[in-house]
Amino acid sequence: MMLLMIAGMAFVTYVPRMLPFVMFSGKELHPFVKGVLNNVPYAVLGALIFPSIFLIKEGDVLFGVVGAVAAFALAFCGANVIMVVLGAIAILSAYTFLV
Amino acid sequence: MEATYSVKKTSDFRLGLQAGLSIAIGYMPVALTFGLLARTTGLTFAETVLMSLFVYAGAAQYISLSLIAVGTGVMEIVLTTLIVNIRHFLMSASLTERLEEHQLYKKLMTAFGVTDETFSVISTQTGKVRTAFAAGVMVISYGSWVVFSGVGHLMGDIMPGFLQVSMSIALYAMFVGLLVPSMKKSVKVTYLAAVAAAVNSLLIFYTDLSGGWSIVASTLVSSLMVEWVWHMKRRNPRG
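Right, let's walk through the structure included here.

Here is what the cut-offs are and how they apply
- Residues numbered from 1 in each chain as written.
- Chains lettered and ligands numbered in written order.
- Predicted model: local features only at pLDDT ≥ 70, side-chain atom pairs only at ≥ 80, totals over all residues.
- Heavy atoms only, no water.
- Helix = DSSP H or I, 4+ residues; strand = E, 2+ residues; numbered from the N terminus.
- Rg over C-alpha atoms; globule rule 2.2 N^0.38 Å.
- Buried < 20%, exposed > 50% of the residue type's maximum accessible area, 1.4 Å probe, protein only.
- Contact = heavy atoms within 4.5 Å.
- Areas by Shrake-Rupley, 256 points an atom, 1.4 Å probe, with all protein chains shown as cover.
- Buried area = accessible area lost by both parts, 1.4 Å probe.
- Salt bridge = Lys/Arg side-chain N within 4 Å of Asp/Glu carboxyl O.
- Nonpolar A, V, L, I, M, F, W, Y, C, P; charged D, E, K, R; others polar.

Observations regarding the overall build of chain A
Scanning chain A from terminus to terminus reveals four helices and zero strands. For 99 residues, the compact-globule estimate of 2.2 N^0.38 gives 13 Å, and the C-alpha radius of gyration of chain A, at 20 Å, exceeds that figure by more than 25%. Per-residue burial for chain A yields a buried fraction of 49% across its 99 residues. Long-range contacts, defined here as pairs at least 24 residues apart, represent 31% of the contacts in chain A between residues at least 6 apart. In the structure as shown, chain A presents an accessible area of about 4700 Å², 76% of it carried by carbon and sulfur atoms.

Okay, structure coming up:
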């Protein structure tokens, strides 16, 4: 039963990931559609970050706010992705000990 | 020629592994916790690893555990998985614009590795993206997900609590680290992210829409709206 469930989950996860590669690649799309698809990464990032980043610790919005501010501050100062990740973890660990 | 070609290929793959390292770090606590929860839900070690190996979708796997715990049927779990993962359709569609790959088996393999995180890292690269680079990003991310799912099941609560909680920021911090440099370079990026963030927040707090569909809806609304505004500006620069 569990294996059947895993197989079903695998199938419905893979198909949406795979279909566009078969449907669209190699085809010349309308420039407006192209523009929209090129916008997707940045729109997705906005939606992935907000509002979830404020909700990472249940019942403690401030924890999320500190993490978000730390990540944005580090990134704005020009830190690379790994430094932003490790820096935000370090700052939140410090916050946990201090508060 | 042959030799230069293969050298170039390995280095693209290597660059991909490097770029994917932040995902591997971010997946670690999430996968460890998944393994731990799977164990307490009653999945065997093999089932836990198989799920990560074949499904490879964090949110869907977590949701399936909570559904198994309350005794939900297989069909409902599979349907929920589809709904949660439909957002990857949009990401793959966007990736086909960026990745030049004509061999079908490579396309089919690349498609398997599309997650929120690999997509974000690959698609925020500047210029055309080589498939070998994408493969590098995906291999290190997938490896981390599968291995740490298994480790989580075997070892249970191995990480100190404070670090586990602090590390929950990792993937979000990575998204921020990917977004901000592009925001600095382009106003359009800032608008795209801000509109999507606003719409997604409204949907999450004020509607019953699932997280997966909220992301699909807010991404589409933002991408279409901002593109339309930019399109109008080009046609009528003074307006």
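Continuing now.
Some thoughts on the side chain of S182 of chain B
Here S182 of chain B shows up in helix α10 (residues 170–185). Aside from chain neighbours lying at most four places away, what touches S182 of chain B is Y42 of chain A together with V189 of chain B.

Some points on unusual backbone geometry
A cis geometry characterises the amide bond from F50 of chain A onward to P51 of chain A, with omega recorded as 0°. Along the polypeptide, P51 of chain A turns up in the loop between α2 (31–49) and α3 (61–76). The phi torsion at Y56 of chain B lies on the positive side, around 50°, for a residue other than glycine. One can find Y56 of chain B in the loop between α2 (45–54) and α3 (58–69). Taking relative accessible area as the criterion, Y56 of chain B reaches 2% and is therefore assigned buried.

Structural notes on the interface of chain A and chain B
The interface of chain A with chain B comprises 65 residues on the first partner and 85 residues on the second. Between chain A and chain B, roughly 6700 Å² of surface is buried when both sides are summed, and carbon and sulfur atoms account for 80% of that area. By the criterion of area lost to chain B, the three top residues of chain A are R17, F21 and Y42 of chain A, representing 13% of everything that side buries. Scanning the region where chain A abuts chain B turns up zero salt bridges. Among the elements that take part in the side of chain A that touches chain B, helix α1 (residues 2–24) of chain A stands out by supplying 19 residues, more than any other. Each residue belonging to the side of chain A that touches chain B can be placed in one class, and the counts come to 50 nonpolar, 12 polar and three charged.

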